[in-house]
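Below are the chains, spelled out letter by letter.
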Amino acid sequence: MNLISFFPSRTVAIYMGRMFLVRTFAVLAALVLVLQALDLLSNSGDILAFPGNGDAQVWQYVSLRAPQIVSRFLPFSVLLGTILTLITMNQNSEIVALKGSGLSAHQVLAPLLVASLGVAVISFVFNDRVVARATATLNQWQKVNYGKLPIDRGDRANVWVRDGDDLIEVAQIRGRGDATRLGGITLYDRTGGNLVAILRADHGRRVANGWEVSPATRFDVKSGNVRPLGAVVIAKDVRPDQFTLASVDADGLSFGALKAAIADLSDAGRPTKALEGSLWHKLSGPLSSVLMPLLGAVAAFGIARSGKLFVRAVIGMGLGFAFFVADNFALAMGNLGAYPPFLAAWAPFLLFFFIGEAVLIRSEE
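A few points on the structure. In every chain, residue numbers begin from 1 and rise along the written sequence. Reporting of local features is limited, given that this is a predicted model, to residues whose pLDDT is at least 70; pairs of side-chain atoms are given and counted only at 80 or more, and all residues count toward the totals for whole chains, interfaces and linings. Calculated side-chain values reflect all of the structure's heavy atoms, with hydrogen atoms and water omitted.

When helices and strands are counted, the protein shows ten helices and six strands. As a reference, a globule follows 2.2 Å times the number of residues to the power 0.38, and the radius of gyration itself is taken over C-alpha atoms. At 27 Å, the protein has a C-alpha radius of gyration far larger than the 21 Å of a compact globule built from 365 residues. In terms of overall dimensions, the protein has a C-alpha envelope of 90 × 45 × 35 Å along the principal axes. For every residue, the accessible area (1.4 Å probe, protein chains only) is compared with the maximum for its type, and the residue is labelled buried under 20%, exposed over 50%, or partly exposed between those bounds. Considering the protein as a whole, with its 365 residues, one finds that 43% of them fall into the buried category. Entry remark: accessible area of the protein is about 18,600 Å², with carbon and sulfur atoms responsible for 62%. With 33 positive and 27 negative side-chain charges, the protein shows a spacing of 5 Å between the two charge centroids. A helix here means a DSSP run of H or I that spans at least four residues, while a strand means a run of E at least two residues long, and both kinds are numbered starting from the N terminus. Computed by Shrake-Rupley with a 1.4 Å probe, the accessible areas treat only the displayed protein chains as cover when residues are assessed. Residues scored as positive are Lys and Arg, those scored as negative are Asp and Glu, and His as well as the terminal groups of each chain are ignored. Note that the charge is assigned to NZ on lysines, CZ on arginines, CG on aspartates and CD on glutamates.

Given below as structure tokens:
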């Protein structure tokens, strides 16, 4: 049997795939509309509380939050789209006709599996190109209480580093390695735990013997005097990775950027297990859409007149919910270090793949 003969006829395959995709994205649109409205009700007060914020900032928040909602609920929409498609076909005796023509259960589901694979590819690209940037920007915006939105969406923000007794706060960081650039630097000069002076500068760059910041001013706590310093060198023992990798947000980085950050952390001797699990999950998460036709297939088989079609649909939704619970649990255990990174990302996918196959084979028998 060649690959083409594994599918129903071209007309049936297109019909099933179109029906599946229309229902999937219709469910997704409804979920995003409802959940975004509820989320906006709980956060609009905080957004408008900042002086000068208005409708433009509310819509800006929607543009940043909506991609996160789409990313999170797309696999669930695929599950509901699968169940609605198969229930409709079962009620219209189309599944019976396909089975009667000699097609196996896997052949009946083949168009949905291919369509869901396309959805998984779209989901990965959307997460990598849109969701990661929106998440990074929203996190920075929330850190300033919905004040002035940071200009560079790829920057790290509000990073604290210790240099001996001194504390250094950097408002914004660009670049990596020796090309790292600092913006909005505040150094708290402490001696024996007591604050002696506060040094502030607008810009900073890496030099051979530390970090050159300029134009710098120094406030002396004891005298209360402020004097300009021009360009000075500070933080001689602070490495670039302590600024750029102080807080790596896996959700706010693309697949390539997260992989590079993990490599930098590993070279610096820092722990990376939790981030490695998140890196693998950037692949297994979108691919979970391919599982949904298998888990929802229980709604396709069985006679609709038996009165058990609703029960079969509930079982399909139950399997889907169980997968999402197992996936979140495994990822949390990976973040705690209890599961290896690969196992944390892929174990639920593989487990429910075999469960879906077992249910499908049992239904076919």
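Running from N to C, helix α2 (residues 55–91) and helix α4 (residues 105–143) point in directions that differ by 160°, and their axes come no closer than 9 Å. Put simply, α2 runs roughly antiparallel to α4. Seen from above, α2 lies across α4 with left-handed handedness. Here the nonpolar group is Ala, Val, Leu, Ile, Met, Phe, Trp, Tyr, Cys and Pro; Asp, Glu, Lys and Arg are the charged ones; every other residue, Gly included, is treated as polar. Residue composition of the contact of α2 with α4, grouped by class: 16 nonpolar, eleven polar and one charged. Interaxial angle, 0 to 180 degrees, is taken between N-to-C directions of lines fitted to C-alpha atoms, where a helix line uses only the stretch in contact. With respect to orientation, any angle under 35 degrees is reported as roughly parallel, any angle over 145 as roughly antiparallel, any angle of 65 to 115 as roughly perpendicular, and every other angle as oblique. A clockwise turn of the near helix away from the far one marks a right-handed crossing, whereas an anticlockwise turn of less than a right angle marks a left-handed crossing.

With that out of the way, let us pick up the pairing of strand β4 (residues 194–207). A pair of strands is considered paired only if DSSP assigns at least 2 bridges between the two. Here strand β3 (residues 181–191) runs beside β4; their pairing, made up of ten bridges, is antiparallel. Bridging from a neighbouring strand, R181 pairs with R205 of β4. Relative to strand β5 (residues 210–220), β4 is paired through ten bridges, and the arrangement is antiparallel. Residue pairing across strands places R206 opposite W211, the latter belonging to β5. Once β4 ends, the chain turns through two residues before running back antiparallel as β5.

Where strand β2 (residues 166–174) meets β3, seven bridges bridge the pair, whose relative direction is antiparallel. Bridge pairing links I168 to L187 in β3. Turn length for the β2-β3 hairpin, with the two strands adjacent in sequence and antiparallel, is six residues, and the turn residue G175 shows positive phi of about 80°. Count of turn residues in the β3/β4 antiparallel hairpin: two residues, of which G192 carries a positive phi of about 60°.

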